[in-house]
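# Observations on the model geometry
This is what each chain is made of:
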Amino acid sequence: MARLTIDRAQKRFGSYLALDDVSIAVEDGEFLAVLGPSGCGKTTLLRQIAGFDKLDGGQIRIGDRLVSSAQTHIPPEHRKLGIVFQSYALWPHMTVAENVAYGLTVAGVRDPERGKRVAAALDLVGLNGFAERRPGLLSGGQRQRVALARCLVTEPSLVLLDEPLANLDVHLRASMEEEFARFHERTGTTMVYITHDQAEAMALADRIAVMDRGRLLQLATPSLLYREPANVTVAGFIGEGMVLPATVLSAPQAGHCKVSVLGVEAVVRCRPDQAVTGQAKLCLRARDIGIAATGQDGLSATVERLSYQGGFFRMEARPANNQDVVLHLDAAEPAPAQAGEAIRIAITDGWIIPESISLDKAA
Amino acid sequence: MSLADPATLRTRVEETGLLWGLVGLVALLSLLPIGRLIVEGLAPGGQLSATALGKVMASPATWTATWNSLTTAIAGTILATLIGGTVALLATLTDIRARNAFTFCFVLPLMIAPQVTALAWLQLFGPSSTLLKLIGMAPPLGSRNPLYSREGIILLLGLQYAPLVFLTLRAGLRALPKELIEAGLAAGASPLTVLRTVVLPLMTPPLVAGIALCFVSSLGNFGIPAFLGIPGNFLVLPTLIYQRLAGLGPGVLSEVAILSLLIGLIAMAGILLQDLMLRRRDFRITTTSSAARPFELGRWRRPVELGLWAFAILVLAMPFLGLLSTSLIPAFGVPLNARTATLANYAYVLFEHAASKRAFVNSFLMSAGAATLIVLICVPLGYFIVWKKSRALRLLNLAAELPYAMPGVVLAIAAILLFLKPLPVLNVSLYNTIWIIVFAYLARFLVLGLRPVISGYLQIDRTLEEAAQIAGAGLPRRLVTIIFPLVAPAAVAGALLVFLTAFNELTVSALLWSSGAETLGVVVFSFEQGGDSTYASALAAVTVVVTVGLMASTTLFAQRLPQGVLPWRD
């Protein structure tokens, strides 16, 4: 097992900064997800850790060993890590068993030890009857399991997973997610999981690193990431947060403060050092707002659209006093209002996005 | 560089060692011979002198041959373009049936040795034509074979290289997005108007590329002018070089070096002209989509199909029937019938004639050896060119094209210059051995093996290699256990192209052969020159059977091949 330390990593492609001063410290045995839209730099980061590309600045260490810097580059074959590729990258000219055994053969492990470990790895992923098949004859989920077995048979101290579920259908995803979680639990290996799917990241990871345009935006536990986004981009990206201009009316007390938003007052969560300001940004999620009970304070709005989500409606509404904003909220069946009708919306929770926040504190 | 651990250091040494080994090898095969030739042109025999240059320039034979080369190459190219272009349009854009079979037949002449084609056509016409005699239409004895002429050479060059234009144009047509054609039709244009105003203008680059290829090939062709021109003393540059060298020996090496530089310059001019023509306009196609739906020929479909097949039979089957019929008669001039038909010629060339038997072994071993070595070079070479994006090798990739783009005599003369004296240090002489031919094959056909391998690499997911790297495998192990098996189908296709081309070639070996190191092409040539047309035909017929058999055998592993690496397969 090993720590993975990424320290101010920089990578340029021509004039484009694909990695801009990214620093992440992954604890021994931690499951870290790197989350971001395509082109955010997460794959570039993975290729740096694996050693497929050379770093332009900063350092990467696996355990205490410096593997990448502008001066040093340990080739991938000497980094002793494992990767599960998005395309699985199973060798079509070898059987399942040969695929899994490859890393052991390279490392000089001989039969019967090798055969035993291959059988154990296939057993672990539930593919013990498939040893002599060719990968081309397997289903997507089975290929993914072979890739996992191949990656883990050498017991690497660090495993990188590059969007491993992206090519699977929805049903298989859930069961493979479970498989990954079980694996992590059993082996205790440090895992770095690259994905653009936040549900996947939330379900699996101990911590999530959110990236955008080559920069690390926030590194935090899934719950903290959801409840206390560090900036507007994260707030918008995670859980479809709505970001609204707000005025902070009172100094924080027990993690809450009073704000004025869209002409109504509400009590929301905030950092203990939140200043009283007229320039704050409030992050609201659909579940933070709802239709006001009779007699409850609320802002008037007009329902614009209803879409049925199965068991509840997603409602889009435009506040009467600010036509530029669209709020979305969930409403139980039967629909309390139809499109075009007026409603009153109550704000029950929310988070004041800190003005500027250093990532270390957010972590 | 900071201190690296020994394992990392070893990896680095392995990779750079392999890279620079390849760089050296490709430079040795491509740049060295051409460089040596240029040195000889400037400083014959090692001294800066214009004597040889003056002598060559003052000789009227030089200019007659140059004029003949230019006229036959240009006219042959025009003929090839008309035939190949028309057939490509019909066979690609319309809804004719049995397209694959037709493509195979139409491309076949390209894979058959030019000297065999020439021999076959000679057997078809002329007063001694066995086939014409069979139907009582042979011209009177004593009349000249009409193919022994400038026009004969032009006709055969046109037929031999029409497939080159066909192949490049067809590749272009297949990449043409169907929207461009459909937009034209939707705008109300008739199919012919769309062809004239949309398709043909966009097809300029492949067409020009095909024409340039055709011109360079016609210019460098030795087999056809050797069989059709030498008897009537109609010389082109390659045959002039051959005659000088054969008649006067290596003493005239400086003069033939200048002649081969001259033909090299004409070839370069053709290639530069192609570049110039394509630079004037923007032909880039912006959209990509599936290939166009074929135009329906309607009631014209049958006549067009008949016409195409009739043409294929005329240029393919007829000459080979001529060849076959001559190979079956006991002596040239004897009519073929059930009583005269004999297999004695085959028995003679296969089992009796010493040089012919040797030539089979030589041609087979040299072609197979060259094909194997080229694959062994090309697999790591392609790896560095495509996946490692090595800049040094990209330039050498262009250099590797040079010996193939140049007419074969140029490389042959360069090889003589390189190996006439024993190799320094080793003090071994390759001259007058089969090894000088093997070297020339490696240099000339390297690019034939490299192209399929490169397209193979482009179609393989590189993560397959990365996965092996992550598993801890160094480059040598990855090459053997992962990369080679993955590019094997493409490499086999390349090896087959090299084998077939080398097996059928005459241009290089005509200048480099020596007693004991004959090739099949050389033996067919000397049989024909000695008047033994029956033996020549029998031997040629055997090579045709081997060639067609090997081409057809590729259907066996067709599914595993990357698209478009074998010219005769879709």
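Okay, so let's go over this structure. (Residues numbered from 1 in each chain as written. Chains lettered and ligands numbered in written order. Predicted model: local features only at pLDDT ≥ 70, side-chain atom pairs only at ≥ 80, totals over all residues.)

### Comments concerning the overall build of chain A
Counting its secondary structure elements, chain A contains nine helices and 20 strands. Taking the principal axes of its C-alpha atoms as reference, chain A extends roughly 75 × 50 × 40 Å. For chain A, the proportion of its 363 residues judged to be buried stands at 42%. Counted over contacts in chain A with a minimum sequence separation of 6, partners at least 24 positions apart contribute 63%. (Helix = DSSP H or I, 4+ residues; strand = E, 2+ residues; numbered from the N terminus. Buried ≥ 20, exposed ≤ 12 C-beta atoms within 10 Å, placed from the backbone. Contact = placed C-beta atoms within 7 Å.)

### Details of the interface of chain B and chain A
Contacts between the two partners involve 21 residues from chain B and, on the opposite side, 21 residues from chain A. Contributing elements (two or more residues each) for the side of chain B that touches chain A: helix H1 (6–42), helix H20 (463–470) and helix H21 (475–503) of chain B. A class-by-class count of the residues in the side of chain B that touches chain A yields eleven nonpolar, seven polar and three charged. (Nonpolar A, V, L, I, M, F, W, Y, C, P; charged D, E, K, R; others polar.)

### So, unusual backbone geometry
Residues and elements named next belong to chain A. Cis geometry is adopted by the peptide bond preceding Pro-112, which originates at Asp-111 and carries an omega value of 5°. Relative to the helices and strands, Pro-112 is located in the loop between helix H2 (96–106) and helix H3 (113–124). Although it is not a glycine, Glu-240 adopts a positive phi angle of roughly 50°. Looking at the secondary structure, you find Glu-240 in the loop between helix H8 (232–237) and strand E11 (242–248). Given 12 C-beta atoms within a 10 Å radius, Glu-240 is considered exposed. Its identity as a non-glycine residue notwithstanding, Leu-262 has a phi of 50°, on the positive side. With respect to the helices, strands and loops of the structure, Leu-262 is situated in the loop between strand E12 (256–261) and strand E13 (264–269). Overall, the presence of 21 C-beta atoms within 10 Å leaves Leu-262 in the buried class.

### Digging into the pairing of strand E17 (residues 312–319) of chain A
Residue and element names in this part refer to chain A. Of the two faces of E17, the one holding Phe-313, Met-315, Ala-317 and Pro-319 is buried and the one holding Phe-312, Arg-314, Glu-316 and Arg-318 is not buried anywhere. Where strand E16 (residues 299–308) lies against E17, seven bridges are found, and the strand directions are antiparallel. Bridge pairing links Ser-307 to Arg-314 in E17. Here E16 folds back onto E17 in antiparallel fashion, the turn holding three residues, of which Gly-310 has a positive phi close to 90°. Here E17 runs beside strand E18 (residues 327–332); their pairing, made up of six bridges, is antiparallel. For Met-315, the partnering residue across the bridge sits in E18 and is Leu-329. (Pairing = 2+ DSSP bridges.)

### Considering the sheet that holds strand E15 (residues 289–291) of chain A
Residues and elements named next belong to chain A. Reading across the sheet, the five strands line up as E15-E19-E16-E17-E18 and stay open at both edges, with antiparallel pairing between neighbours. Across the chains shown, the open sheet's two edge strands, defined by having one partner strand only, are E15 and E18. Pairs of neighbouring strands in the sheet enclose a mean axial angle of 50°, with direction left out of account. (Axes fitted to C-alpha atoms, helices over the stretch in contact; angles between N-to-C directions.)

### Details of the sheet that holds strand E4 (residues 57–62) of chain A
All names here are of chain A. Judged by pairing direction, the sheet is antiparallel, and its four strands sit side by side in the order E2-E1-E4-E5 without closing on themselves. Of all strands in the sheet, those bounded by a partner on one side alone are strand E2 (16–26) and strand E5 (65–69). Within this sheet the neighbouring strands show an average axis-to-axis angle of 25°, counted without direction. Pairing analysis gives five bridges linking strand E1 (residues 4–13) to E4, with the strands arranged antiparallel. By the bridge assignment, Thr-5 is partnered in E4 with Arg-61.

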